[in-house]
Amino acid sequence: MDVATREVEQRVSHFRQILLWPLQLMPLPEDSPFQHHYQLLEQKTPDNPWGELADEFCGDPEQFHERHYSEFVTFLPYVQRFLYGEKGGEETDPRYGESPIRIFRRQDVAKVRMTFKESETPLSFDIVHLDLYFFYDIDVVILVVEIAADNLGLRQVQDTLYRFGRAYPPYWDEDGSGGHCLRCAEWMAADGAVLAVSDYEKRSKYLSFVSRFRAPCISSHWEFLLRPLVLHHSDEDGPVRYRQIEYHRMPLLAYLAMDDPRSLSRGDFARLVLVSGPGKSGSLPYSDQHLEGFETRFCYDRYWHPQADQPGTRLLSCGHAFVMVGSAHDAYFTGLENGLLGQFRHQFFLLALIPHFHKAALLMLSDRLVTALNRLEIGNAEAVKQFKRAIREILEVFLRFTHRYWFYEISDQAQARALFSMTREHLGTERVYTELREEIQDMSQYLDSDSLRRQANTVVRLTVVTTAGLIATISTGFLGMNLIDAAQDPLPDRLLFFALVFLPSALLTGFAIVKSKRLSDFLEALSDERLSQRDKLATLVAVWRKKRPPGPG
């Protein structure tokens with residue numbers, strides 16, 4: 001068949017895939033023993049396979065390679081401080097200038113074995129890295145999974161990109177397997193032992209979970225990978241809980257070293273970057289109208305020369321996926337240390353990590369804003385106080401996020417700048433940022449205006465009480481004018497005089513506070529020369545008039 005012939009011809013000599021799965025961390029409870037979420041992974045316990053990754057920039061200078069240097073100088077200074085921190089020679093605090101990123105890695109998973117629906121023969125991929133990225137002051141964690149394999153068919157690569165990074169099945173096929181998912185995914189140790197297996201086929205588990213918690217469940221092999229973190233909407237106990245914040249398909253990066261990248265058709269490139277899965281040879285994954293302007297919207301062809309002997313490199317991005325395609329016979333493209341493969345795993349990985357972190361952080365803050373609004377009860381004074389406190393905290397976190405993490409540009413290198421801009425545009429992070437900023441500003445302005453209103457009411461009450469207090473002050477002043485010479489009278493008589501003055505004064509002050517709103521209206525009417533004496537008297541009478549309750553409707 002023609003399809004089989006193209007599959008034999010279109011071989012991928014080396015394949016890499018990096019999954020980025022942003023998750024929202026739930027706020028720690030007040031009685032939690034941890035101040036930060038990542039402190040759970042610092043505990044040396046049998047059920048914690050994670051260990052903090054040593055900072056390559058703080059070790060032996062002899063171990064600092066050219067690759068690290070090239071990665072560092074790719075970014076602008078303020079991005080360098082975000083990614084790597086900084087160290088001042090005069091600083092004595094060892095934690096000064098540390099990067100706000102904390103990375104934890106687990107070493108117990110060596111391979112992942114995938115069984116596809118079109119074949120009973122499983123494929124094994126090496127696990128290069130399994131990392132968790134935490135960000136200071138932001139309740140977001142990103143799971144990073146990097147896999148690698150050699151000598152694959154293009155259809156196998158397309159199927160891997162399409163099916164591997166799925167948290168749960170959107171539906172089930174007639175045979176009971178999860179729709180669009182792998183038939184089976186298995187995490188394996190170095191000795192071949194199976195550590196965890198997917199359960200996409202357990203339809204009742206996913207249905208009952210959504211029915212109980214109104215939130216989607218995730219496959220068991222992903223749950224295993226994230227432990228000791230636990231899913232928020234579950235019956236499991238755990239101090240650090242997470243929940244999904246985006247679509248169940250995980251963002252990804254892909255690297256394909258092809259025997260002949262020029263043999264890829266327009267449809268092949270579209271299937272790779274749009275992650276639409278394998279299809280019929282020569283066909284497009286979508287209509288011509290939908291793919292109009294494909295090269296302009298999704299391709300970066302600055303170094304792509306398909307007509308030359310050395311075709312160069314084609315870079316593609318749709319926001320959800322970033323794909324790098326080149327020749328396996330090009331030593332620079334396959335260079336792990338100083339070549340494009342090394343850059344793919346480091347510079348290009350960070351170019352994708354930053355905008356996805358931006359979007360996840362903004363969605364997290366938006367979710368917290370909605371949660372605060374849902375918990376607001378206008379008639380409950382305590383709920384109003386908690387709402388104000390929550391809005392103030394969200395505003396503070398947003399301001400710190402803006403000044404610490406938000407970047408419009410991260411590099412002056414043309415390629416890095418263009419790819420970062422392309423990814424941001426596809427993800428729509430600037431639009432989300434603008435909407436969230438306006439929402440938070442509206443909330444902040446509401447709280448400020450409410451505070452001013454309360455202060456104005458307090459000033460009105462104080463003014464009324466002061467005005468009413470003048471009467472009491474004048475009345476009590478006669479005690480010091482010797483109108484009644486009671487200085488030499490017995491103590492009971494003096495106490496009687498004091499009570500006769502104090503009690504009416506106290507009652508007058510209390511009455512002025514209770515009726516301060518109506519008394520302020522009377523004082524305003526009394527000073528208004530345009531009102532008649534009758535209108536002013538009516539305003540005075542209204543002070544003692546009972547307020548009618550609102551009608552039934």
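What you see is a predicted model, and the numbers here were worked out from it, not measured in a lab.

K.L.:
Would you mind going over the overall build of the protein in detail, with residue names and values included?
P.N.:
Helix and strand content of the protein: 17 helices and 14 strands. Residues counted as buried form 46% of the 553 residues belonging to the protein. In the protein, once contacts between residues fewer than 6 apart in sequence are set aside, the share between residues at least 24 apart is 66%. Surface exposure of the protein reaches about 29,500 Å², of which carbon and sulfur atoms provide 53%.

K.L.:
Pulling in residues and values, what's your account of the confidence of the model for the protein?
P.N.:
On average, residues of the protein score 86 in pLDDT, and 85% of them are at 70 or above. Of the regions scoring below 50 in pLDDT, residues 1-7 engages in eight contacts with residues more than four places distant in sequence or in other chains.

K.L.:
How would you summarise the layout of surface pockets if you had to cite specific residues and measurements?
P.N.:
Approximately 1,300 Å³ is the volume attributed to the largest pocket. Lining the largest pocket are 41 residues; nearest its centre among them are P27, L28, D139, R368 and E393. For the lining of the largest pocket, the elements supplying multiple residues, two or more each, are β1 (11-25), β5 (123-135), β6 (138-153), β10 (241-244), α11 (347-374) and α12 (381-404). Broken down by element, the lining of the largest pocket gets its largest block of residues, 10 residues, from α12. Of the residues assigned to the lining of the largest pocket, the class counts are 20 nonpolar, nine polar and 12 charged.

K.L.:
Requested: an account of the environment of A270, with residues and values cited.
P.N.:
Structurally, A270 is set in helix α7 (residues 266-273). In this structure A270 comes out as buried when scored by relative accessible area, which is 1%. Through-space distance from the C-alpha of A270 to that of L284 is 7.3 Å; in sequence the pair is 14 residues apart. Beyond its immediate stretch of four places on either side in the chain, A270 contacts V275, S276, P285, L291 and F294.

K.L.:
Tell me about helix α13 (residues 414-427), and please be specific about residues and values.
P.N.:
Look at α13: 20 Å from first C-alpha to last across 14 residues, which is about the 20 Å you get at 1.5 Å a residue. Of all the positions in α13, only Q415, A416, L419, F420, M422, T423, R424 and L427 are classed as buried. Just past α13, the residue G428 takes up positive phi, approximately 70°.

K.L.:
Which residues make up unusual backbone geometry, and what values do they have?
P.N.:
Residue R227 is joined to P228 through a cis peptide bond whose omega torsion reads 15°. Take P228: it is sitting in the loop between α6 (220-226) and β9 (230-231). The residue V275 is not glycine, and still its phi comes out positive at about 50°.

K.L.:
I'd love a proper account of the packing of helix α4 (residues 154-163) against α7, names of residues and values included.
P.N.:
Axis separation between α4 and α7 bottoms out at 9 Å; the angle between their running directions is 30°. One way to sum up the angle between α4 and α7 is to call them roughly parallel. Where α4 abuts α7, its residues L154, Q158 and L161 lie against D268, R271 and L272. In the contact of α4 with α7, the residues fall into three nonpolar, one polar and two charged.

K.L.:
Hey, could you go over α4 for me, with residue numbers and the actual values?
P.N.:
Since the α-helix packs 3.6 residues into each turn, any two residues three or four apart lie on the same face. Counting buried positions along α4 gives eight out of 10 residues, so the element sits mostly inside the fold. Along α4, the positions that sit buried rather than exposed are L154, V157, Q158, D159, T160, L161, Y162 and R163.

K.L.:
Talk me through the packing of α11 against α13; I want residue IDs and the actual numbers.
P.N.:
Across the interface, α11 lies against α13 with an axial gap of 10 Å and an inter-helix angle of 30°. On the basis of the axis angle, α11 is roughly parallel to α13. Like other packed secondary-structure pairs, α11 and α13 cross with a definite hand, here right-handed. On the side of α11, the interface is formed by F348, L351, I354, P355, H356 and K359, while α13 contributes Q415, A416, L419, F420, T423, R424 and L427. Partitioning the contact of α11 with α13 into residue classes produces eight nonpolar, three polar and two charged.

K.L.:
I'd like to hear about a nonpolar patch on the surface, residue by residue, with values.
P.N.:
Taken together, F64, Y69 and V73 make up a surface patch of nonpolar side chains, about 270 Å² in accessible area. Relative to the elements of secondary structure, F64 occurs in the loop between β2 (50-52) and α2 (66-73).

K.L.:
Residue-level account of the packing of aromatic side chains, with values.
P.N.:
Taken as a whole, this structure holds 29 aromatic pairs when the rule is applied. Both rings, one in Y255 and one in F333, keep their centres 4.7 Å apart while their planes meet at 15°; by these two values the pair is stacked. Of this pair, Y255 sits in strand β11 (residues 252-258) while F333 sits in helix α9 (residues 331-334), and the two are 78 residues apart along the sequence. Under the relative-accessibility criterion, Y255 is labelled buried at 0%. The class of F333 is buried, set by a relative accessible area of 0%. A connected cluster of aromatic rings, assembled from ring pairs, spans Y78, F82, F135, F357, F398, F401, Y405, W406, F407, Y408 and Y433.

K.L.:
How would you explain the pairing of β5 if you had to name every residue and give the values?
P.N.:
Across five bridges, the pairing between strand β3 (residues 101-106) and β5 is antiparallel. Within β5, the position partnered with R102 by the bridge is F134. Here strand β4 (residues 111-115) pairs with β5 via four bridges, running antiparallel. Residue V112 lies in a different strand from β5, and its bridge partner there is F125. Sheet analysis places β5 next to β6, joined by nine bridges and oriented antiparallel. From the neighbouring strand, Y133 faces β6, where its bridge partner is I142.

K.L.:
Please set out the pairing of β4 residue by residue, giving values where relevant.
P.N.:
Here β4 pairs with strand β7 (residues 184-188) via five bridges, running antiparallel. By the bridge assignment, T115 is partnered in β7 with C184.

So, how was this worked out
Residues numbered from 1 in each chain as written. Predicted model: local features only at pLDDT ≥ 70, side-chain atom pairs only at ≥ 80, totals over all residues. Heavy atoms only, no water. Helix = DSSP H or I, 4+ residues; strand = E, 2+ residues; numbered from the N terminus. Buried < 20%, exposed > 50% of the residue type's maximum accessible area, 1.4 Å probe, protein only. Contact = heavy atoms within 4.5 Å. Areas by Shrake-Rupley, 256 points an atom, 1.4 Å probe, with all protein chains shown as cover. pLDDT = per-residue confidence, 0-100. 1 Å grid on protein atoms, 1.4 Å probe; cavity = no way out; pocket = protein on both sides within 12 Å on 5 of 7 lines; lining within 4 Å. Points joined across faces, edges and corners; volume = space filled by probe spheres on them. Nonpolar A, V, L, I, M, F, W, Y, C, P; charged D, E, K, R; others polar. Expected span 1.5 Å × (residues − 1). Axes fitted to C-alpha atoms, helices over the stretch in contact; angles between N-to-C directions. Parallel < 35°, antiparallel > 145°, perpendicular 65-115°, else oblique. Left-handed = near helix turned anticlockwise from the far one by under 90°. Patch = residues over 30% accessible without salt bridge, like charges linked within 9 Å, V, L, I, M, F, W, Y side chains within 5 Å. Salt bridge = Lys/Arg side-chain N within 4 Å of Asp/Glu carboxyl O. Phe/Tyr/Trp six-rings, centres within 6.5 Å; stacked < 30°, edge-to-face > 60°. Pairing = 2+ DSSP bridges.

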